[in-house]
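# Geometric and topological summary
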Amino acid sequence: MKNIVFFTLATLFFTKGFAQEFVVSDSKNQGFNPSFTKTKNGEILLSFVEKDTAKKVRFYYCKFDGKALGPKNYVPIADSAATHAEGMPRMAVKNDGSMIVTFEIKKFNPASRFGSDLCYVYSQDGIQWSKPIFVNKDRNPAKSSSFSRPVRLADGEIGVIWLDEKLTGKGRSVKFAKTTPGNILGEPVVIDDQACECCRIDAITDTKGTSHIFYRDLYPDGSRDMGYIFTDDSGKTFSKSRNPYPDKWKIDGCPHAGPTATETPEGICISWFTGKENATGIKVVNVMTGKIIKSIVKPTVKAPQLTTNSKGETFWVYTSVKNIDDEYFSTIEFRKLNSKKSEMTLSKDFEICNYPAIITTSDNKVIVAYERIIKNNNQEIVCKISHE
């Protein structure tokens, strides 16, 4: 009886907490890759892609007006752009309001069946866009660039971090380039010569102007643990890479699961998935201290994302695989860290939900977007907005 009462109260709390729901993608198409970014002034943009019946890709972004998401704005990236979640098309906005979108396209690579070219488009006003531009001038078919993450730097320009060619016997290099006042990306520099081959990268710039870069590294002993690099001069120089927490997870192949980061009052925190024996699951770690803030040891949780509001409250969202009898499905779970409240399930039983994105507003609302499949319908992008 206690469990039934708790479930009922929790359900009421969850429903009230995230009362607003919007489906932002077209029901005729398949929706993928929700992602948030903010402008210098704190305006929130949700981006995502749609794939039509001919499998042509279209990239869109919506502005949040404080109450709801506005109409879709189309960005003409390549209609063959990759839509896998770890290397999704991503948007960032410079201090002057101009925009850049990075994306990858498949190419023939004699050295690997996973060959890709990294491209970008830019716009001064979000309406008129450039034609796609290759990030690398070197068109060597044996080289591959992908898994990009653009981030606004302290000087207002955009830095782009991505995985590039193999420079050692294993893995791939991590490269960085930044925009100029004319929006063109400058020459790439190598910031790590060996990292895991195909996990997403995350990067944030904190309130002090330091940009923090996180990715799954590939260490000499074979561990595929997190790597951390920072720049406190907008990409002129970089720290040496270090491991913020030693999972010591050794796996023969890339797990296709990268990190997420947020700035909290206690410092920068990151979250990621590990398959380490007897510790499989997700965790949140303070980067400076190496202390675990929270962990969930279950093989059924994945794709964590973090955000922190102006009150210093940090929120964690992730996917959880569940089953009722013989039917399996995946839900979106939401937690407030350092809170006694249990997790909130934002989705419904039997929906297939994946790859959440999360952000907080200036008035401390929480917005969560994710991919959702309801039986006999196309995959859609759904967005839920909380009350403060």
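Residues numbered from 1 in each chain as written. Predicted model: local features only at pLDDT ≥ 70, side-chain atom pairs only at ≥ 80, totals over all residues. Heavy atoms only, no water.

Counting residues in hydrophobic clusters, the biggest one holds 19 residues, and the most contacted among them are Val75, Ile77, Met91, Val101, Phe103 and Trp129. Listed by contribution, the elements that provide at least two residues to this core are strand S3 (44–51), strand S4 (57–63), strand S6 (90–93), strand S7 (99–106) and strand S8 (116–123). Top element by residues in this core is S7. It accounts for four residues. When sequence neighbours within four positions are dropped, the list of residues in contact with Ile77 reads Val57, Phe59, Pro89, Val101, Phe103 and Val121. Among the nonpolar cores identified, the runner-up in size contains 16 residues, and Tyr60, Ala369, Ile381 and Ile385 belong to it. (Core = buried A, V, L, I, M, F, W, Y, C linked by side-chain atoms within 4.5 Å. Buried < 20%, exposed > 50% of the residue type's maximum accessible area, 1.4 Å probe, protein only. Helix = DSSP H or I, 4+ residues; strand = E, 2+ residues; numbered from the N terminus. Contact = heavy atoms within 4.5 Å.)

Averaged over the chain, the pLDDT score is 92; the fraction of residues at 70 or greater is 95%. A low-confidence stretch, residues 1–16 stays under pLDDT 50, and its non-local contacts, those more than four residues away or across chains, total eight contacts. (pLDDT = per-residue confidence, 0-100.)

Turning our attention to the side chain of Asp206. Along the chain, Asp206 falls in the loop between strand S14 (202–205) and strand S15 (211–216). Notably, Asp206 is buried but unbridged: the nearest opposite-charge side chain belongs to Lys208, and the N-O separation is 6.8 Å. Among the polar contacts made by the side chain of Asp206, one reaches the side chain of His212 at a distance of 2.8 Å. With residues up to four places along the chain from it excluded, the contact list for Asp206 reads His212, Glu263 and Ile268. (Lys, Arg positive; Asp, Glu negative; His and termini not counted. Salt bridge = Lys/Arg side-chain N within 4 Å of Asp/Glu carboxyl O. Polar contact = N/O pair within 3.5 Å; in protein donor to acceptor, adjacent residues only side chain to side chain.)

Take the environment of Val151 next. By the element assignment, Val151 lies in strand S10 (residues 146–152). Residue Val151 is classed as buried on the basis of its relative accessible area, which comes to 7%. Residues Val151 and Ala203, spaced 52 residues apart in sequence, show a C-alpha to C-alpha distance of 6.2 Å. Look past the residues within four positions of Val151 in its chain and what remains in contact with it is Ala92, Glu157, Ile158, Gly159, Ile161, Ala203, Ile204 and Thr205.

If you trace the four strands from one edge of the open sheet to the other, you get S2-S3-S4-S5, paired in antiparallel fashion. Every other strand in the sheet has two partners, leaving strand S2 (30–38) and strand S5 (73–75) as the edge strands with one partner each. Between one strand and the next, the sheet's axes are offset by a mean angle of 25°, whatever the strand orientation. Bridging between S4 and S5 involves three bridges; their strand directions are antiparallel. The residue of S5 that forms the bridge with Tyr60 is Tyr74. (Pairing = 2+ DSSP bridges. Axes fitted to C-alpha atoms, helices over the stretch in contact; angles between N-to-C directions.)

The next point concerns the pattern of salt bridges. In total, this model carries 23 salt bridges according to the counting rule given. We note a salt bridge from Arg372 to Glu351, for which the minimum N-O separation is 3.9 Å. Of the two residues, Arg372 is situated in strand S26 (residues 366–373) and Glu351 in the loop between strand S24 (344–345) and strand S25 (352–360); the sequence distance between them amounts to 21 residues. Of the two residues, Arg372 and Glu351, neither departs from the other in class, the shared state being buried. With a closest N to O distance of 2.8 Å, Glu380 and Arg372 form a salt bridge. Residue classification places Glu380 among the buried residues on the basis of a relative accessible area of 16%. Members of the salt-bridge network, linked through shared partners, are Glu21, Glu351, Arg372, Glu380 and Lys384.

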